[in-house]
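Read off the chains here:
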Amino acid sequence: MNTRTLPLYVTIAIFLVGYLICWLQYPNILSTRVVGNLLTDNAYLGIVAVGMTLVILSGGIDLSVGSVIAFSGVFIAVMLRDSGLHPLLVFALLLALTTAFGAAMGWLVYWLAMPAFIVTLAGMFLARGAAYLLSVDSVPIQHDFYRMLQGAYWLMPGRGRLTLIGVLMLAVVAAGIVIAHKTRFGTSVFALGGGEATARLMGVRQGRTTVLVYAFSGLTAGLSGIVFSIYTGSGYSLGTVGTELTAIACVVIGGTLLSGGAGYMFGTLVGVLTMGLIQTYIVFDGSLSSWWTKIVIGILILAFILLQKGLVRLSQARLNAGEP
Amino acid sequence: MMPQVLTRLAPQLIALVVLMGLVTLFYPGFLSISYSDGRLVGPMIDVLKRSAPVALLAIGMTLVIATRGIDLSVGAIVAICGAVAAYMIASGYGLPLALALALVAGLAAGLWNGVLVAVIGVQPFVATLILMTMGRGIAQLITEGRILTFTDPAFAFIGSGTALGLPVPVWIWLGAAVLAVALLRRTALGMLIEAVGINRKASAVAGVNATVLLVAVYMAMGLCAALAGLIITADIRGADANNAGLWLELDAILAVVIGGNSLLGGRFSIAAAVIGALIIQTITIGIRLAGFPSEYNLVIKAVLVLVILVLQSPRIASEYAFWRQEARRKREAQLKGAGR
Amino acid sequence: MLLSIRSLTKEFPGTKALDSVDFDLRAGEIHALLGENGAGKSTLIKCLTGAYQRDAGTVTLEGREIAPRSTVEAQDLGIGTVYQEVNLLPNLTVAQNLLFGHEPRRMGLIDSRAMRLRARAMLAEYGLDLNVDRDLATCSVAIQQIIAIARAVSLSGKVLILDEPTASLDAREIEMVFGVVRNLRDRGLGIVFVSHFLDQVFDLTDRLTVLRNGRHIVTEETATLDRVRLIEHMLGRSLQDEVLHSRPPDRGPRPELLRFTGFGRKGRIEPFDLDIGAGEVVGLAGLLGSGRTESAEAIFGLQPAQTGEARDRSGVLDLSSPRKAIAAGFGFAPEDRKTDGIVADLSIRENIILALQARRGWARPIARAEQARIAVDYIRRLDIRTSGPEKRIGELSGGNQQKVVLARWLAMNPRFLILDEPTRGIDVGAHAEILHLIHQLVEQGMSLLVISSELDELMAVSNRIIVLRDRRHIAALAGDEVSGPTIMRAIAGVDAPVEKGAVEKGCVEDAPVEAAPVGTAPVEDAPVKDMPVEDVPVEKGGE
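Residues numbered from 1 in each chain as written. Chains lettered and ligands numbered in written order. Predicted model: local features only at pLDDT ≥ 70, side-chain atom pairs only at ≥ 80, totals over all residues.

What about the overall build of chain C?
The helix and strand tally for chain C stands at 19 helices and 22 strands. For chain C, with 543 residues in total, the buried portion stands at 49%. Counting contacts in chain C only where the partners sit at least 6 residues apart, residues at least 24 apart contribute 69% of the total. (Helix = DSSP H or I, 4+ residues; strand = E, 2+ residues; numbered from the N terminus. Buried ≥ 20, exposed ≤ 12 C-beta atoms within 10 Å, placed from the backbone. Contact = placed C-beta atoms within 7 Å.)

Things to note about the overall build of chain A
Per the secondary structure count, chain A includes 14 helices and four strands. Taking 2.2 N^0.38 as the reference for a compact globule, 324 residues should give roughly 20 Å; the C-alpha atoms of chain A span a radius of gyration of 20 Å, in line with that estimate. The principal-axis extent of the C-alpha atoms belonging to chain A is close to 65 × 55 × 30 Å. For chain A, the residues scored as buried account for 56% of the 324 residues in total. Sequence-distant contacts in chain A: of pairs separated by 6 or more residues, those separated by 24 or more amount to 81%. (Rg over C-alpha atoms; globule rule 2.2 N^0.38 Å.)

Remarks on the sheet that holds strand β21 (residues 464–469) of chain C
Whether parallel or antiparallel, the strands of a sheet pair through hydrogen bonds between backbone atoms. Residue and element names in this part refer to chain C. If you trace the six strands from one edge of the open sheet to the other, you get β18-β19-β20-β15-β21-β22, paired in mixed fashion. Single-partner strands in this sheet number two, and they are β18 (330–333) and β22 (472–478). When the angles between neighbouring strand axes are averaged without regard to direction, this sheet yields 20°. Where β21 meets β22, six bridges bridge the pair, whose relative direction is antiparallel. Bridge assignment links Arg469 to a residue of β22, and that residue is Arg472. Across the face of the sheet, helix α10 (residues 292–300) comes into contact with β15 (281–285), β18, β19 (416–420), β20 (447–451) and β21 while running at roughly 150° to β19. (Pairing = 2+ DSSP bridges. Axes fitted to C-alpha atoms, helices over the stretch in contact; angles between N-to-C directions.)

What to know about the interface of chain A and chain B
With 33 residues of chain A at the contact, the number on the chain B side is 33 residues. The biggest single contributor to the side of chain A that touches chain B is helix α6 (residues 116–134) of chain A, with 11 residues. Taken together, the residues that form the side of chain A that touches chain B break down as 26 nonpolar, four polar and three charged. (Nonpolar A, V, L, I, M, F, W, Y, C, P; charged D, E, K, R; others polar.)

Notes on the sheet that holds strand β13 (residues 256–265) of chain C
Residues and elements named next belong to chain C. Judged by pairing direction, the sheet is antiparallel, and its four strands sit side by side in the order β14-β13-β16-β17 without closing on themselves. On the outer flanks of this sheet lie β14 (269–277) and β17 (315–317), each paired with one strand and no other. The sheet shows a mean angle of 25° between the axes of neighbouring strands, taken without regard to direction. Looking at chain direction, strand β16 (residues 307–312) and β17 are connected through three bridges and run antiparallel. By the bridge assignment for β17, Asp312 is matched with Gly315. The strands touched by α10 within the sheet are β13 and β14, with β14 carrying the most contacts at an inclination of about 70°.

What to know about the environment of Leu192(B)
Note on placement: Leu192(B) falls in helix α9 (residues 189–198). Sequence spacing of Leu192(B) and Ala109(B) is 83 residues, and the spatial spacing of their C-alpha atoms is 23 Å. If near-sequence neighbours (up to four positions away) are discounted, Leu192(B) is found in contact with Val208(B), Leu213(B), Gln357(C), Ala358(C) and Trp362(C).

Some details on the packing of helix α5 (residues 95–120) of chain B against helix α6 (residues 124–143) of chain B
Residues and elements named next belong to chain B. Between α5 and α6, the shortest axis-to-axis distance is 9 Å and the interhelical angle comes to 145°. The hand of the α5/α6 crossing is right-handed. Where α5 approaches α6, its residues Ala109, Trp112, Asn113, Leu116 and Val117 are matched on the opposing element by Pro124, Ala127, Thr128 and Leu131. (Left-handed = near helix turned anticlockwise from the far one by under 90°.)

A short note on the interface of chain C and chain B
In this assembly, 25 residues from chain C lie in contact with 21 residues from chain B. Broken down by secondary-structure element, the contributors of at least two residues to the side of chain C that touches chain B are α11 (322–327), α12 (337–341) and α13 (348–360) of chain C. Top contributing element to the side of chain C that touches chain B by residue count: α13(C), with six residues.

Comments concerning the packing of helix α4 (residues 65–82) of chain A against helix α11 (residues 206–232) of chain A
Residues and elements named next belong to chain A. One way to put it is that α4 packs onto α11 with a least axis distance of 8 Å and a crossing angle of 50°. Considered as vectors, α4 and α11 are oriented oblique to each other. For the pair α4 and α11, the sense of crossing is right-handed. Listed contacts from α11 to Val65, Val68, Ile69, Phe71, Ser72, Gly73, Ile76 and Ala77 of α4 are Ser217, Gly218, Ala221, Gly222, Ser224, Gly225, Ile226, Phe228 and Ser229. (Parallel < 35°, antiparallel > 145°, perpendicular 65-115°, else oblique.)

Concerning the confidence of the model for chain C
Looking at chain C, the pLDDT average stands at 80 and 83% of residues meet or exceed 70. Long-range and interchain partners of residues 495–543 of chain C, a stretch whose pLDDT sits below 50, account for 105 contacts in this model, where long-range means more than four residues apart. (pLDDT = per-residue confidence, 0-100.)

Topic: helix α2 (residues 43–50) of chain B
Those residues of α2(B) that fall on the buried side of the exposure criterion are Pro43(B), Val47(B), Leu48(B), Lys49(B) and Arg50(B). Structurally, α2(B) contributes buried residues whose contacts are with α3 (52–66), β5 (166–167), α8 (168–186) and α13 (270–289) of chain B.

Topic: unusual backbone geometry
Negative phi characterises most residues that are not glycine, and trans characterises most peptide bonds. We note that Asp37(B) has phi near 55°; this positive angle belongs to a residue other than glycine. Its 7 C-beta neighbours within 10 Å are what place Asp37(B) among the exposed residues.

Structural notes on the pairing of strand β6 (residues 79–82) of chain C
Residues and elements named next belong to chain C. Because side chains alternate across β6, one face comprises the buried residues Ile79 and Thr81, and the other comprises Gly80 and Val82, equally buried. Of the pairings in the sheet, the one linking β6 to strand β9 (residues 159–163) comprises four bridges and is parallel in character. Bridge pairing in β9 links Gly80 to Leu160.

Points about the environment of Thr163(A)
Residues and elements named next belong to chain A. Among the secondary structure elements, Thr163 is positioned in strand β3 (residues 161–163). On the basis of neighbour counts, which here come to 24 C-beta atoms within 10 Å, the residue Thr163 falls in the buried class. Taking the C-alpha atoms as reference points, Thr163 and Thr40, separated by 123 residues in sequence, lie 6.3 Å from one another.

Details of the environment of Ala411(C)
All names here are of chain C. Following the sequence through the fold, Ala411 ends up in the loop between α15 (398–410) and β19. The exposure class assigned to Ala411 is buried, which follows from the 20 C-beta atoms found within 10 Å. Residues Ala411 and Gly279, 132 residues apart in the sequence, show an inter-C-alpha distance of 18 Å. Setting aside chain neighbours within four positions, we find Ala411 in contact with Ile352, Ile353, Leu356, Ile374 and Tyr378.

Digging into the pairing of strand β10 (residues 190–194) of chain C
Residue and element names in this part refer to chain C. Counting buried positions along β10 yields five of five residues, so the element is predominantly enclosed. The alternating pattern of β10 places Gly190, Val192 and Val194 on one face and Ile191 and Phe193 on the opposite face, and all of these are buried. Pairing of strand β3 (residues 29–34) with β10, which is carried by five bridges, proceeds in the parallel orientation. Paired with Ile30 across the two strands is Ile191, which belongs to β10. Here five bridges tie β9 to β10, and the two strands are oriented parallel to one another. Within β10, the position partnered with Ile161 by the bridge is Val192.

And the structure:
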């Protein structure tokens with residue numbers, strides 16, 4: 001068994017077994033309706049998790065994304081309320097802003113050679129502070145274009161709704177898979193996560209790659225902010241607190257090594273769906289309380305971290321034992 | 001000995017004094033302290049009192065960071081311990097048992113983190129992330145999702161009482177800090193922790209029991225978090241599993257690095273970290289008193305983190321050394337040229 | 001001339017790392033670059049590969065002057081480098097490593113199929129046939145080294161620099177890599193070979209250049225140069241230090257202090273028997289990776305033994321961790337001072353008292369005045385050159401750091417001290433001082449286990465020498481048997497003394513009967529490798 005792909009298989013197996021258990025208890029859960037909702041409800045999370053996966057693969061972490069999502073919502077709401085610009089233009093402005101913000105953090109991570117989590121911690125404070133400065137209260141978004149976006153869906157067989165934002169999430173995941181596994185940039189990201197010094201020797205342009213990785217994370221956070229604002233129909237500066245943690249959890253449950261250098265973008269999608277499945281199950285059950293989500297997620301993270309740790313030990317032991 | 005300590009603390013002390021001066025400029029009454037009803041009253045006393053949770057956490061976090069670690073779960077531990085204490089009080093078990101069990105919960109949480117880090121060998125950032133995610137769920141499990149309120153004057157005293165003129169929380173964090181410094185510097189513990197933080201392997205070869213020491217450090221962190229949780233819970237007379245201690249880990253880390261402790265481990269100063277906590281609180285209260293919207297707070301913290309990052313950056317340090325050397329070389333060359 | 005360097009100069013604050021050095025490399029030759037630590041080898045290489053920019057001089061490649069500013073630029077110019085360790089990424093596949101940065105693409109995306117084919121074709125040139133989708137981490141070090149060479153050659157193709165490529169390989173693997181290197185020479189590449197192992201240099205290279213203190217000393221045909229002359233060039237003086245050529249006085253049989261029986265750990269060291277006499281110095285000889293350090297780490301509890309037991313006069317010893325070993329009166333100065341020895345940010349004083357304090361426990365601190373007294377005392381006795389005991393140990397030179405580590409253990413007054421490569425990376429003066437110190441310790445009755453790659457050094461201090469090969473103790477030499485040639489023959493496995501007999505002789509008369517002697521240990525997974533005598537790393541000439 002290849003130690004690299006094992007976590008991915010485990011991820012998929014956990015999701016399938018989980019779904020099976022849910023289905024045995026609540027046969028309704030196997031319907032396009034539930035699947036459609038799973039995609040819609042977790043669209044913003046899935047999008048931001050794609051950016052987080054790339055950051056984690058590069059050996060970094062981005063704690064700012066929750067704040068950036070909140071900032072995005074407030075920014076859009078305030079711009080639409082006060083400026084009268086078309087939402088698409090506002091989106092473009094916002095994405096440029098969050099991408100530049102991510103790039104700036106990436107540049108600092110590289111230039112200061114300091115741990116990424118503390119640099120992005122500053123970014124987290126900054127983005128949240130900026131959101132507060134725009135508006136402390138929740139700002140509703142009322143725009144015809146928004147209503148159109150919110151109402152856009154394809155009806156799947158079985159009357160399930162495949163919404164626009166759900167499709168957008170799948171598209172971002174697909175793009176993420178291509179970027180991470182099919183481009184030279186993606187290989188550079190894996191290389192950085194495997195070892196910075198060696199990656200440099202092999203010709204990785206560390207500064208450029210780091211900036212791009214965090215810029216991509218900023219872009220997905222902005223996109224996620226747009227999706228979240230469509231989903232909730234408002235912008236609130238106190239919203240999406242802790243989303244960065246949920247995103248990190250999805251990445252880890254998706255089988256990516258939290259210290260970087262190994263993982264699959266597809267796994268992150270499965271991780272997001274697993275997370276959504278747990279919540280769906282709790283909703284179906286009705287008697288279980290929401291905090292069980294956190295506890296189960298915590299246990300899953302622990303299990304994956306121990307699995308990865310065990311795999312590393314196993315492959316080292318194998319090499320020491322002198323297998324070719 | 002004494003002058004050495006002062007040199008170490010000078011940047012933090014100067015920063016604190018300058019900040020206090022700045023706030024006084026905007027709000028002249030900031031430094032005024034009056035005595036009424038057997039207690040001291042004034043904005044500075046407020047700063048001291050409200051610093052308690054972060055100052056307590058900063059004590060433990062200083063040790064964790066000295067070992068090259070980080071503990072992201074302290075906010076969650078605060079929530080758990082607060083929930084445990086409130087639950088025990090509300091269920092009528094009495095104060096001593098409630099306090100004891102809350103402290104035990106903190107120690108247990110620290111033990112969990114410590115074992116993951118020191119025995120299993122998970123990176124601290126990753127290991128404590130687990131409890132960070134799970135902890136609030138556990139706290140909610142205890143409070144059953146409600147804000148668990150209680151009316152126990154003795155417990156509330158911990159959060160809002162006054163003793164010898166000062167609020168009780170001030171005595172608690174002062175006591176904890178003095179105790180910690182004494183314990184670490186009067187024994188060899190401080191030096192051994194520094195040795196493990198700088199080079200764990202070499203320390204282990206020299207016979208230092210690095211594993212036990214690391215677990216102990218995380219347990220100390222858990223204990224500090226439990227104390228902070230008790231103060232917060234007692235202050236609001238209720239346990240809020242969702243919001244108690246939210247983002248406190250970040251403030252604690254911030255206090256530690258403002259205290260000039262390197263995130264890369266090694267030499268540490270608890271006193272400086274506690275002053276760091278005071279600096280953070282002075283900013284928070286100062287902004288409010290000076291009439292700025294409290295939204296500025298986060299932005300200022302962000303700028304603070306950035307400044308500290310630049311100061312601690314190994315790359316900047318080496319570039320600075322390089323430029324200084326270049327400058328010296330040029331000066332010498334000029335001198336030589338002039339001499340000729 | 002493929003590559004020629006003229007008057008290359010590189011200065012660092014305080015030192016001239018390279019002082020007007022000339023160096024020529026022909027196409028189709030293997031050219032050894034030799035010198036002690038600090039001679040300027042690595043600086044020269046870094047100037048060639050773009051890691052450093054030269055201060056003066058010219059470098060011309062095929063008649064064109066070049067000044068690469070990065071490894072990648074040097075590669076594009078035709079200069080590829082393979083370092084001792086950090087070459088490739090263990091978390092990527094073999095194919096990804098081979099073609100990193102040059103992956104075949106179709107419509108902007110990586111074409112995995114073409115990549116696989118190309119990687120296979122590249123490895124086929126080196127006679128390797130392996131699954132290129134494997135993670136590199138699952139390949140043996142030798143295969144990784146060949147993959148690194150294949151990558152470097154495919155990217156650069158004119159000059160190949162091999163910087164200590166064999167340091168962590170065993171004899172068979174070294175031959176494998178050498179085969180590849182010779183093949184590349186025949187294809188017309190110019191190859192610069194840096195190694196500490198003189199025998200490999202004589203085995204492989206056509207010409208050699210010696211640097212010393214940043215200067216070019218000599219360039220000659222390898223075949224015509226005599227080994228002793230070469231060492232003279234490298235050291236800059238003939239080997240006359242009386243310490244290096246004396247043998248410790250033979251004081252006859254000693255009372256036994258420690259006895260290890262069947263001591264071993266799977267994958268690290270085969271079970272061995274070892275006796276240590278009181279006041280005796282036992283030397284461990286063998287190639288890197290032969291199990292020398294592994295034996296020491298098992299004894300000191302760093303990689304605790306899984307089989308066998310250790311005894312002293314009073315009974316069985318628990319050596320399951322360094323702390324336990326220290327409690328048993330052991331001390332260990334490890335080979336890699338920087339990572340395993342010193343605590344860089346602590347002061348000299350704190351480094352010296354660290355082990356003492358750890359043994360007393362945290363609750364019983366050594367008084368500050370007492371600490372200072374101990375530190376000052378050892379600084380004086382070991383002649384540690386520092387401005388005072390409060391200086392950061394990281395700021396000291398290698399030799400002085402080693403003395404501090406020694407002081408740490410001497411302060412513990414151990415009965416048994418293990419020194420792993422005590423003189424590595426130390427200048428010549430400190431070298432002799434440390435050997436003198438070892439003699440003094442023995443005079444005081446301490447027992448020592450010394451590991452060293454330098455046979456002269458080992459012979460100068462050891463009463464008895466255990467020879468290791470392939471992770472097992474294969475011979476023990478004492479008294480008149482101890483000489484350069486006998487040790488080298490034993491290491492090489494050429495007409496070595498009958499193994500079992502030799503070991504028993506080494507272990508003195510009362511070798512344990514109940515324990516399995518070394519010779520009966522399972523052999524199936526460690527075939528005896530035939531190896532020419534020349535492959536022995538005798539840095540200073542065994543004769």
